[in-house]
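Summary of structural features
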Amino acid sequence: MDPNNTSYAVKLYVYDISKGMARQLSPLMLGKQLDGIWHTAIVVHGEEFFYGGDGITNCPPGGTSLGQPNSIIDLGTTEVTEEIFMEYLSSLGESTYRGNQYHLFEWNCNTFSNEVAQFLTGSKIPGHITDLPAEVLSTPFGQALRPLLDSINIAPQGGNTFNGHYGQR
């Protein structure tokens, strides 16, 4: 491979945090079929990066308590080096993706994955993932559950919190 033309694979790891329950119960509870409640992460440079209530976190691919992903989507390649990417994540971790800013419906792992995917590849993650909160909240049951769901803070275990300082993952 030409060292002047290096590209790196970018993957989206997709996990159903309901472990299949959304598919079974959503028609009864929401009046519409949901295939899952999606948690996503970006895999690049040999690590999995995601956002949750602890902030930006990284681990070996598939290394969280969620186990192996339900699906892996190839997002393409990037020419962004690991050093530049880590500086970018450090900046995000200090500003827009601190743990205390996490919100299940409005500022979550999928928001993070979408932004990072666009930075790395110029492409967004699939709409059925990013549109899920609005789809749930568009139902009467979703609106009734919103106060409870707003208090939920998702932070899969098994990763290292990226504390916003380059080189200190």
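What counts, and at which threshold
- Residues numbered from 1 in each chain as written.
- Predicted model: local features only at pLDDT ≥ 70, side-chain atom pairs only at ≥ 80, totals over all residues.
- Heavy atoms only, no water.
- UniProt positions renumbered as here; feature names shortened; annotations may be inferred.
- Helix = DSSP H or I, 4+ residues; strand = E, 2+ residues; numbered from the N terminus.
- Buried < 20%, exposed > 50% of the residue type's maximum accessible area, 1.4 Å probe, protein only.
- Pairing = 2+ DSSP bridges.
- Contact = heavy atoms within 4.5 Å.
- Core = buried A, V, L, I, M, F, W, Y, C linked by side-chain atoms within 4.5 Å.

Identification of the protein as palmitoyl-protein hydrolase from Salvelinus namaycush is taken from an unreviewed UniProt entry. If you open the UniProt record of the protein and go to Sequence similarities (unreviewed entry), you find "Belongs to the DeSI family." On record in UniProt, under Catalytic activity (unreviewed entry), the comment for the protein is "S-hexadecanoyl-L-cysteinyl-[protein] + H2O = L-cysteinyl-[protein] + hexadecanoate + H(+)".

**Regarding the environment of Ser-151**
For Ser-151, the location among the structural elements is in the loop between helix H6 (140-150) and strand S6 (160-162). Relative accessible area serves as the criterion here: at 58%, Ser-151 is assigned to the exposed category.

**Some remarks on unusual backbone geometry**
Residue Lys-19 is not a glycine yet carries a positive backbone phi of 55°. Not every positive phi belongs to a glycine, and His-45 is a case in point at roughly 55°.

**Comments concerning the pairing of strand S1 (residues 8-16)**
As paired strands, S1 and strand S5 (residues 71-78) are joined by seven bridges and run antiparallel to one another. Each bridged residue has a counterpart across the sheet, and for Val-10 the counterpart in S5 is Gly-76.

**Details of the side chain of Ser-113**
Along the chain, Ser-113 turns up in helix H3 (residues 109-121). Accessibility expressed as a relative area gives 0% for Ser-113, which makes it buried. With sequence-adjacent residues up to four places away left out, Ser-113 is seen in contact with Leu-12, Thr-40, Ala-41, Ile-42 and Ile-125.

**Let's talk about the nonpolar core**
By size, the foremost hydrophobic cluster in this structure holds 32 residues, and its most contacted members are Ile-42, Phe-85, Leu-89, Leu-92, Phe-112, Val-116 and Leu-120. Of all the secondary structure elements, the ones that give two or more residues to this core are S1, strand S2 (38-44), strand S3 (47-52), helix H2 (82-94), H3 and helix H5 (132-137). In terms of residues, this core owes the most to one element, H2, which gives five residues. Of all hydrophobic cores here, the second largest spans seven residues; its members include Tyr-15, Val-43, Phe-50 and Leu-66.

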